[in-house]
Amino acid sequence: MTILLLTSCKNSEKTETENNSEPKIEITQTEFKKIETNNSLELEFQLLDENDDIVEFARLEKIAEFPGGFDSLAVFIQRNFIFPKSTDSLKIEGRVETLFSVDTIGKVIDVELKKGLLKDIDQSCLAVVSKLPDWKPAELREGKKVKMRFILPLKFVTDKNE
C-alpha cells in the first residue's frame, strides 16, 4: 500500500461536511488558500490572529516553513507514517484530511481530523502529524508572527503489484 500526499478539495465555494464516524468539522474552503509546490504535497492554509480570527492573505510576508521545505515535509510523513497492523490484510483506498496549526513560535498544535477513512488509519494520520518538528512561523508584512492553519490530505492507494 502507498500513501500519497495530495491537495484537498479545490475551489469549493460551499461548506463541506463529511459523513463518517468521527466528529464533523465544517470548513469553508474559500477561507483557505492553496500552496503551490513542485511535488505531490499540496497544502491549503489560512492565517489566524491571537484570537483565531482570520487574517487577510495580502498581509502575509513569509509562509510558515517546515525545516527543509515542503519536499522535506512529504519525506517526513512518508518515513514516519506507521501502517496499523489491523490493516495488513486490507486493501485501503481513499483519503484522510487532517487539520493542524503552526503557532507563533513554530509549534505544531491543534491537530484534528477533518475527514476520516478507517479508525486505525485515521489515528495513524493524526499520530504522524502530531510528530511534526517545529516550523519557522509565518510572518506578516509588519514583522508580526502569526498562526497558520493547514489542511493536509493523505491519500491511500493500493499498489497494482499487491
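Criteria and cut-off values
- Per chain, residues are indexed from 1 in the order of the written sequence.
- Per-residue local features are limited, in this predicted model, to residues with pLDDT of at least 70; the limit for side-chain atom pairs, both in listing and counting, is 80 or more; totals at the level of whole chains, interfaces and linings are taken over all residues.
- Values reported for side chains reflect all heavy atoms of the structure, with hydrogen atoms and water molecules removed beforehand.
- Helix and strand definitions here come from DSSP, where helices need a minimum of 4 consecutive H or I residues and strands a minimum of 2 consecutive E residues; each element is numbered from the N-terminal end.
- When a residue's accessible area, from a 1.4 Å probe over protein chains only, is under 20% of the maximum for its type it is buried; when over 50% it is exposed; and in between it is partly exposed.
- Note on contacts: a residue pair qualifies if any of its non-hydrogen atoms lie within 4.5 Å across the two residues.
- Using a 1.4 Å probe, accessible areas were evaluated by the Shrake-Rupley method; residue-level cover was limited to the displayed protein chains.
- pLDDT is defined as a per-residue confidence score from the predictor, taking values between 0 and 100.
- Polar contact is defined as a pair of N or O atoms within 3.5 Å, subject to the rule that within protein one atom must be able to donate a hydrogen and the other to accept it, and that residues adjacent in sequence are counted only when both atoms are side-chain atoms.
- Strand pairing is assigned whenever DSSP detects at least two bridges linking the two strands.
- Basic side-chain nitrogens of Lys or Arg form a salt bridge, by our definition, when they fall within 4 Å of a carboxyl oxygen of Asp or Glu.
- Only rings of Phe, Tyr and Trp enter the pairing, Trp through its six-membered ring, and a pair is recorded when the two centres are within 6.5 Å. The plane angle decides the type: under 30 degrees is stacked, over 60 is edge-to-face, the rest tilted.

K.L.:
So what's going on with the overall build of the protein? Which residues, and what values?
P.N.:
A count of helical and extended segments in the protein gives 2 helices and 11 strands. Seen in sequence order, the protein has helices and strands lined up from the N terminus as β-β-β-β-β-β-β-α-β-β-α-β-β. Every one of the 162 residues in the protein was classed for burial, and the buried ones make up 46%. Across the protein, every contact between residues at least 6 apart in sequence was considered, and the portion connecting residues at least 24 apart equals 72%. Carbon and sulfur atoms form 46% of the exposed surface of the protein, whose accessible area is close to 8,800 Å².

K.L.:
So what's going on with the confidence of the model for the protein? Residues and values would help.
P.N.:
In this model, the protein carries a mean pLDDT of 80, and residues with pLDDT of at least 70 account for 76%. No element of the protein has a lower mean pLDDT than strand β2 (residues 15-16), which averages 29, and none a higher one than strand β9 (residues 108-115), which averages 97. Residue range residues 5-30 is modelled with pLDDT below 50. Its contacts to residues more than four positions away, or to other chains, number 63 contacts.

K.L.:
I'd like to hear about the environment of S101, residue by residue, with values.
P.N.:
Relative to the assigned elements, S101 resides in strand β8 (residues 94-102). The sequence separation of S101 and A64 amounts to 37 residues, and the corresponding C-alpha distance is 9.8 Å. Sequence-distant contacts of S101, that is, excluding residues within four places in its chain, are made with K107, V108, I109, D110, K147, M148 and R149. Side chain to side chain, S101 and R149 meet in a polar contact 3.2 Å long.

K.L.:
Got a sec to walk through the pairing of strand β5 (residues 44-48)? Specific residues and values, please.
P.N.:
The buried fraction of β5 is high, at 5 of 5 residues. Covered by surrounding structure in β5 are E44, Q46 and L48 together with F45 and L47, the residues of both alternating faces. Bridge count for β5 against strand β11 (residues 145-157) is 5 bridges, and the pairing is antiparallel. Bridging from a neighbouring strand, L48 pairs with K147 of β11. As consecutive antiparallel partners, β5 and strand β6 (residues 54-55) are separated by 5 residues, and within that stretch D52 has a phi angle of approximately 65°, a positive value.

K.L.:
Quick one: what's the story with the pattern of salt bridges, residue by residue and with numbers?
P.N.:
Counted by the stated rule, this structure contains 9 salt bridges. The salt bridge partner of R95 is E97, with a shortest N-O separation of 2.9 Å. Between D110 and K147 there is a salt bridge; the shortest N-O distance is 3.3 Å. Separated by 37 residues along the polypeptide, D110 in strand β9 and K147 in strand β11 bring together distant segments of the chain. The buried category is assigned to K147, whose relative accessible area is 11%.

K.L.:
Quick rundown of unusual backbone geometry? Include the residues and the values.
P.N.:
Positive phi values are uncommon outside glycine, yet D52 reaches one of about 65°. Take D52: it is sitting in the loop between β5 and β6. Residue class for D52 comes out partly exposed when judged on its relative accessible area of 43%. Even without a glycine there, the phi angle at D110 is positive, about 55°.

K.L.:
Pulling in residues and values, what's your account of the packing of aromatic side chains?
P.N.:
Going through the model one piece at a time under the given rule, you end up with 10 aromatic pairs. With a centroid separation of 6.5 Å and 65° between ring planes, the pair formed by F70 and W135 is classed as edge-to-face. Here F70, found in helix α1 (residues 70-80), pairs with W135, found in the loop between α2 (119-130) and β10 (138-140); they are 65 residues apart in sequence, far enough to count as distant. Each member of the pair F70 and W135 is classed as buried. Where F100 meets F150, the ring centres are 5.1 Å apart and the plane angle is 20°; that geometry is what we call stacked. One end of the pair, F100, is in strand β8; the other, F150, is in strand β11, and 50 residues separate them in sequence. With relative accessibility at 0%, the residue F100 sits in the buried group. Judged by relative accessible area, F150 falls into the buried class, the value being 0%. Here the aromatic residues F66, F70, F76, F100, W135 and F150 are joined through ring pairs into a cluster of three or more.

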